[in-house]
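As a plain string of letters, each chain reads:
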Amino acid sequence: MKATVYKEMSQTAEGRKELHTIMLEDVKAKMDALVESAPVANREAAAKMMDTAYDKISALGNGQLFNFFADDAVSERDFISYVSDILKGKF
């Protein structure tokens, strides 16, 4: 998601609610892609780890959700690092 879209949608309560849903869908798609790219032997464990992380991510507010997981500017490497951080309880 681009920062301009985030800022525009954040201006109303309805927009913020919709924004949260859209960002979670984006995060889930990124996680699914990472699981699919994992070696076959590790996919089940990766899927469980991502499910656990997703549960924690879905409880974040829009600001943290955007800044750490849904912003288009967040690289795949940083995304993985942030997922690791949330699993370790650093959020």
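Values in this document were obtained by computation on a predicted structure and should not be read as measured data. (Residues numbered from 1 in each chain as written. Predicted model: local features only at pLDDT ≥ 70, side-chain atom pairs only at ≥ 80, totals over all residues. Heavy atoms only, no water.)

**Q** Would you explain the packing of helix H2 (residues 13-37) against helix H4 (residues 62-70) in this entry?
**A** Each pair of packed helices gets described by two things: the angle between the helix axes and the distance between those axes. Here H2 crosses H4 at 30°, and the two axes come no closer than 10 Å. Our classification of the angle between H2 and H4 gives roughly parallel. Here H2 runs over H4; the crossing is left-handed. Where H2 approaches H4, its residues Arg16, Leu19, His20, Met23, Leu24, Val27 and Lys30 are matched on the opposing element by Asn62, Leu65, Phe66, Phe69 and Ala70. In terms of residue class, the contact of H2 with H4 is built from eight nonpolar, two polar and two charged. (Axes fitted to C-alpha atoms, helices over the stretch in contact; angles between N-to-C directions. Helix = DSSP H or I, 4+ residues; strand = E, 2+ residues; numbered from the N terminus. Parallel < 35°, antiparallel > 145°, perpendicular 65-115°, else oblique. Left-handed = near helix turned anticlockwise from the far one by under 90°. Contact = heavy atoms within 4.5 Å. Nonpolar A, V, L, I, M, F, W, Y, C, P; charged D, E, K, R; others polar.)

**Q** Can you help me understand the nonpolar core in this one?
**A** A general trend in soluble globular proteins is that nonpolar side chains are found buried together. With 24 residues, the main nonpolar core has Met23, Val27, Met31, Ile57, Phe69, Phe79 and Val83 as its most contacted residues. Counting residues per element, the ones that place at least two in this core are helix H1 (3-9), H2, helix H3 (43-57), H4 and helix H5 (76-87). Tallying contributions element by element places H2 first for this core, with seven residues. Other than its neighbours up to four places away in sequence, Val83 contacts Met31, Met50, Ala53, Ile57 and Phe69. (Core = buried A, V, L, I, M, F, W, Y, C linked by side-chain atoms within 4.5 Å. Buried < 20%, exposed > 50% of the residue type's maximum accessible area, 1.4 Å probe, protein only.)

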